[in-house]
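# Breakdown of the fold
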Amino acid sequence: MAAPSEGDAASLLPDLPGGPLQAYRARASFCWKELALFLEGEDMLRLKKSIFSALEDDPLFARSRGHELSLEKHQELTFLRCKRVLGRALLRVEDMVRNPLSVLTLITCLGTYDWSLAQKFLLHLLVFGFAIYKSGSERHLEYLPKILSMEIFGCFAVTEVSHGSNAKAIRTTAHYDPATEEFILHSPDFEAAKFWVGNMGKTATHAVVFAQLYTPGGRCHGLHSFLVQIRNPKTLLPMPGVMVGDIGKKLGLNGIDNGFAMFHKVRIPRRALLNQTGDVTPEGTYVTPFKDAKQRFGASLNNLSMGRAIIVAMSVVNLKLAVSIALRFSATRRQFGPTDEEEVPVLEYQTQRWRLLPYLAAVYALDHFSKWLFLNLAEFQQGWEDRSTRQAELGREIHALVSGSKPLASWTAQRGIQECREACGGHGYLAVNRLGDLRNENDPNCTYEGDNNVLLQQTSGYLLGLLELRLQGGARLESPLGTVDFLEAYPDILDQRFSCPSVAGCLESSVPLAAYEWLVCYLLRESVQKVNQEKRSGSSDFEARNNSQVYRCRSLALAFLELTVVRRFHEYVHQPGVPPPLRATLQRLSALYALWSLNQHTALLYRGGYFSGEQAGKMIENTILDLCAQLKDDAVALVDVIAPPDFILDSPIGRADGELYKNLWTAVLQESKVLERASWWAEFPASKTHVESLKSRL
């Protein structure tokens, strides 16, 4: 990409305020504006600026200080904000179709401000609306304008009280009655109640409900989705036979009204069936374009893959915000020094750099990967009617990548946010600085849309299946996106050993890339051997897979995703189009993320024989520390590239001016009644001591 003109930079990326952070900014080896334009492009930066400005300029989105909203008021405000966002049309439908990445940008920008708002918008428009568009047919298109205008408000109901990850075992039923051409939707008991459904608690009028479809004669055709009205749009009262409500306060994201619903023999018209993967004739005959029941089931849950891919991006945003706050704090917080009179920023300490800079590198690597994954998934879904072999292989590969990347991203963010919180000391524990909210709001990313540990089994199963096909029929180990092509050299890779003569040699991310290829091959071999050993011992296929997860299949899936992220970012930062002033910094970030991630597997690398002698492990550790030292002076500029405006970041200790204590003091004073005597003190009689008063109250 060409270097930006001065006009572009001034309009899209205004200069940052002066202040204590200026010392680090002056030492940066690159222009932060040039890097931002290279990574994002002008169109995305312009979209981000328009979204953030729209939020900041609207009084409805004003930040409130000093008091907590009640659960009901919080949900009301989130709904009103969602309505305002839809009314503003921040992104046109044609723009979404032309550039799918703009959809991800809109969601993550809203989430950067408030995840309750982003999720409410996402669930209504993109999950509920997209499900109708993709899973329905022409007869369902009439609902799309109503969704855009919020004439109806939607939710996506898969999970039940007793079943989440195991969607096949969902117990809500839909029996077809040919006499009336209706389905009878029924929840047999509370365990079959739809539960945890976002937007269902108070605001949804319609739901895409997943149920087991039965035709006359009692034959079950598996899980299908139905468009069901659950409330009257004018009164918000439940429809006859529907029991619906809010599940209550959660650890975070309380602007979202997560709800439950039970259906007591609710009759819905035949046309309510979203019939893209299967339909029922008026007479009660089931028809489907899929010959394979597994393929039909996978297609019916296609929306979950998009949801998981978005969760990857959501996790990256949470880590971005936490790292931005912690590094700006670390560059301005001074403690100790070479003399009593001279205190230095805590970023100058090796430990602080080692704690935070690998997570900064992770942000850059995972952010690039998440966009690549989202674009490939969008392309796959656009060609979903293609029944070719390549399309089927692409679907399996993307499913494996999405299933593994959600755990990797959400767990990395979970650990990183906690590290950032601790790295900010007591100030990080102050709610106004937002790190606690980020931690709580990232936490559900580890469990919804599929528990992380369960999802990893999808990824490892894909890899084991590929190797099994190769061993049985000699098929080449390759995939449409090329993420498994290296396995073609599987036996040769296992014979390789670590060879890097110096720390300088390890500074190139190709070194950990080679190590990761060996590690994945090693874990694949170990996993296959463990599964086969279990089967020889008399275990069933189910038991064999179950007993091979810990230390083998689970580790295999995570290592494969780490390798994929490392490879994608390595290839990106080494492409010829990277502007020369940016290359060194980007390549250091790539090497740091790769080595830091690889270092978590040191024991396996030694156990499998790839490492030998103490020098290999020491070299990896020393290179990580060297890279942290080299990136130290660039850290603030790298944060300036990823941090949103102060209004959106909403953290006094993370503001762009770096006036740490001034901003913190202002925030504390804005808290309500901070200088007033506690209201309950007036209840104590003046004639008694404090202790006597307390005793009398007890």
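Note that the coordinates shown come from a computational prediction; the quantities given were computed from them, not determined experimentally.

### Focus on the overall build of the protein chain
The helix and strand inventory of the protein chain stands at 28 helices and 13 strands. Here the C-alpha atoms of the protein chain give a radius of gyration of 27 Å, agreeing with the 26 Å that 2.2 N^0.38 yields for 698 residues. For the C-alpha atoms alone, the extent of the protein chain along its principal axes is close to 90 × 80 × 60 Å. Relative to all contacts within the protein chain whose residues are 6 or more apart in sequence, the contacts with residues 24 or more apart total 74%. When the accessible surface of the protein chain is split by element, carbon and sulfur atoms take 52% of a total near 30500 Å². Averaging the locations of the 75 positively and 76 negatively charged side chains of the protein chain gives two centres separated by 4 Å.

### What to know about the state of the cysteines
Counted under the stated rule, the structure contains zero disulfides. For the unlinked cysteine cysteine 82, the closest cysteine sulfur is that of cysteine 155, found at 13 Å. Judged by relative accessible area, cysteine 82 falls into the buried class, the value being 0%. Sulfur of cysteine 424: no disulfide; nearest cysteine sulfur belongs to cysteine 420 and is 6.8 Å away.

### Concerning the packing of helix α13 (residues 389–423) against helix α15 (residues 435–442)
For the pair α13 and α15, the least separation of the axes is 10 Å and the interaxial angle reads 160 degrees. Here α15 runs roughly antiparallel to α13, going by the angle between their axes. Crossing of α13 over α15 shows left-handed handedness. Residues Ser410, Ala413, Gln414, Ile417, Gln418, Cys420 and Arg421 of α13 lie in contact with α15, whose contacting residues are Leu435, Leu438, Arg439 and Asn442.

### Examining the UniProt feature "domain: Acyl-CoA oxidase/dehydrogenase middle" (unreviewed entry) in the protein chain
On the UniProt side, "domain: Acyl-CoA oxidase/dehydrogenase middle" (unreviewed entry) is annotated at positions that read residues 155–264 here. Here residues 155–264 runs as 0% helix and 44% strand, with 19 Å between its end C-alpha atoms.

### Quick notes on the side chain of arginine 567
If you trace the backbone, arginine 567 turns up in helix α21 (residues 549–573). Relative accessible area serves as the criterion here: at 16%, arginine 567 is assigned to the buried category. In this structure arginine 567 touches Phe486, Leu513 and Glu517, once residues within four positions along its chain are discounted.

### Focus: the packing of aromatic side chains
A complete count under the given rule lists 19 aromatic pairs for this structure. Ring plane angle 75 degrees and centroid distance 5.3 Å describe the contact between phenylalanine 79 and phenylalanine 153, whose orientation is recorded as edge-to-face. With a gap of 74 residues between them, phenylalanine 79 in helix α5 (residues 71–88) and phenylalanine 153 in the loop between α9 (143–148) and β1 (154–157) connect regions that are remote in the sequence. Aromatic pair phenylalanine 156 and phenylalanine 210: ring centres 5.2 Å apart, planes at 70 degrees, arrangement edge-to-face.

### Focus: the pattern of salt bridges
Overall, the coordinates contain 33 salt bridges when judged by the stated rule. Aspartate 15 is paired through a salt bridge with lysine 33; the nearest N and O atoms lie 2.5 Å apart. Note that aspartate 15 is positioned in the loop between α1 (6–12) and α2 (22–27) and lysine 33 in helix α3 (residues 32–40), a separation of 18 residues in sequence. We classify aspartate 15 as exposed; its relative accessible area is 64%. When its relative accessible area of 11% is taken as the criterion, lysine 33 is described as buried. The residue arginine 139 makes a salt bridge to aspartate 279 at a minimum N-O spacing of 3.7 Å. Residue arginine 139 is located in the loop between α8 (115–135) and α9, and its partner aspartate 279 is located in strand β10 (residues 279–280); the two are separated by 140 residues in the primary sequence. Of the two residues, arginine 139 and aspartate 279, neither departs from the other in class, the shared state being buried. Through salt bridges with shared partners, a single ionic network connects Glu40, Lys48, Lys320, Asp367 and Lys371.

### Things to note about the packing of helix α12 (residues 350–382) against α21
It is the contact of α12 with α21, at a shortest axis distance of 9 Å, that shows an interaxial angle of 95 degrees. By the angle between their axes, α12 is roughly perpendicular relative to α21. The residues of α21 that touch α12, namely those facing Tyr364, Ala365, Leu366, His368, Phe369 and Trp372, are Leu561, Thr564, Val565, Arg568, Phe569 and Tyr572. Tallied by class, residues from the contact of α12 with α21 come to nine nonpolar, two polar and one charged.

### Here's the deal with a nonpolar patch on the surface
Nonpolar side chains collect at one region of the surface, where Leu430, Trp665, Val668, Leu669 and Leu675 lie side by side and expose about 500 Å² of accessible area between them. Judged by its relative accessible area of 53%, tryptophan 665 falls in the exposed class.

### Side note on the environment of phenylalanine 542
Counting through the fold element by element, phenylalanine 542 comes out in helix α20 (residues 541–546). Counting along the chain gives 467 residues from phenylalanine 542 to glutamine 75, while the straight-line C-alpha distance between them is 43 Å.

### Observations regarding the environment of leucine 563
With respect to the secondary-structure elements, leucine 563 resides in helix α21. Overall, leucine 563 belongs to the buried group, its relative accessible area being 0%. Distance from leucine 563 to proline 512, taken between C-alpha atoms, is 8.9 Å for residues 51 residues apart in sequence. Non-local contacts of leucine 563, meaning those with residues more than four positions away in its chain, are made with Phe486, Leu513, Tyr516, Glu517 and Val520.

### Re the sheet that holds strand β8 (residues 259–263)
Each strand in a sheet pairs with its neighbour through backbone hydrogen bonds, running either in the same direction (parallel) or in the opposite one (antiparallel). Here three strands make up an open sheet; going across it, the order is β4-β8-β7 and the pairing antiparallel. In this open sheet, the two strands that pair with only one neighbour each are β4 (194–197) and β7 (242–246). Averaged over neighbouring strand pairs, the angle between their axes works out to 15 degrees when direction is ignored. In this structure, β4 lies alongside β8, joined through two bridges in antiparallel fashion. Across the sheet, residue lysine 194 finds its bridge partner in β8, namely alanine 261.

### Let's talk about helix α16 (residues 452–473)
Taking 1.5 Å of rise per residue, 22 residues should cover 32 Å, and α16 covers 32 Å from first to last C-alpha, within 8% of that figure. The set of residues buried in α16 consists of Asn452, Leu455, Leu456, Thr459, Ser460, Tyr462, Leu463, Leu464, Leu466 and Leu467. The N-capping residue of α16, defined by a side-chain oxygen 3.0 Å from the backbone nitrogen of asparagine 453, is aspartate 451. Trailing α16 by a residue or two, glycine 474 shows a phi angle of about 75 degrees, which is positive.

Each value, and the rule that gives it
Residues numbered from 1 in each chain as written. Predicted model: local features only at pLDDT ≥ 70, side-chain atom pairs only at ≥ 80, totals over all residues. Heavy atoms only, no water. Helix = DSSP H or I, 4+ residues; strand = E, 2+ residues; numbered from the N terminus. Rg over C-alpha atoms; globule rule 2.2 N^0.38 Å. Contact = heavy atoms within 4.5 Å. Areas by Shrake-Rupley, 256 points an atom, 1.4 Å probe, with all protein chains shown as cover. Lys, Arg positive; Asp, Glu negative; His and termini not counted. Charge placed at Lys NZ, Arg CZ, Asp CG, Glu CD. Disulfide = S-S within 2.5 Å. Buried < 20%, exposed > 50% of the residue type's maximum accessible area, 1.4 Å probe, protein only. Axes fitted to C-alpha atoms, helices over the stretch in contact; angles between N-to-C directions. Parallel < 35°, antiparallel > 145°, perpendicular 65-115°, else oblique. Left-handed = near helix turned anticlockwise from the far one by under 90°. UniProt positions renumbered as here; feature names shortened; annotations may be inferred. Phe/Tyr/Trp six-rings, centres within 6.5 Å; stacked < 30°, edge-to-face > 60°. Salt bridge = Lys/Arg side-chain N within 4 Å of Asp/Glu carboxyl O. Nonpolar A, V, L, I, M, F, W, Y, C, P; charged D, E, K, R; others polar. Patch = residues over 30% accessible without salt bridge, like charges linked within 9 Å, V, L, I, M, F, W, Y side chains within 5 Å. Pairing = 2+ DSSP bridges. Expected span 1.5 Å × (residues − 1). Polar contact = N/O pair within 3.5 Å; in protein donor to acceptor, adjacent residues only side chain to side chain.

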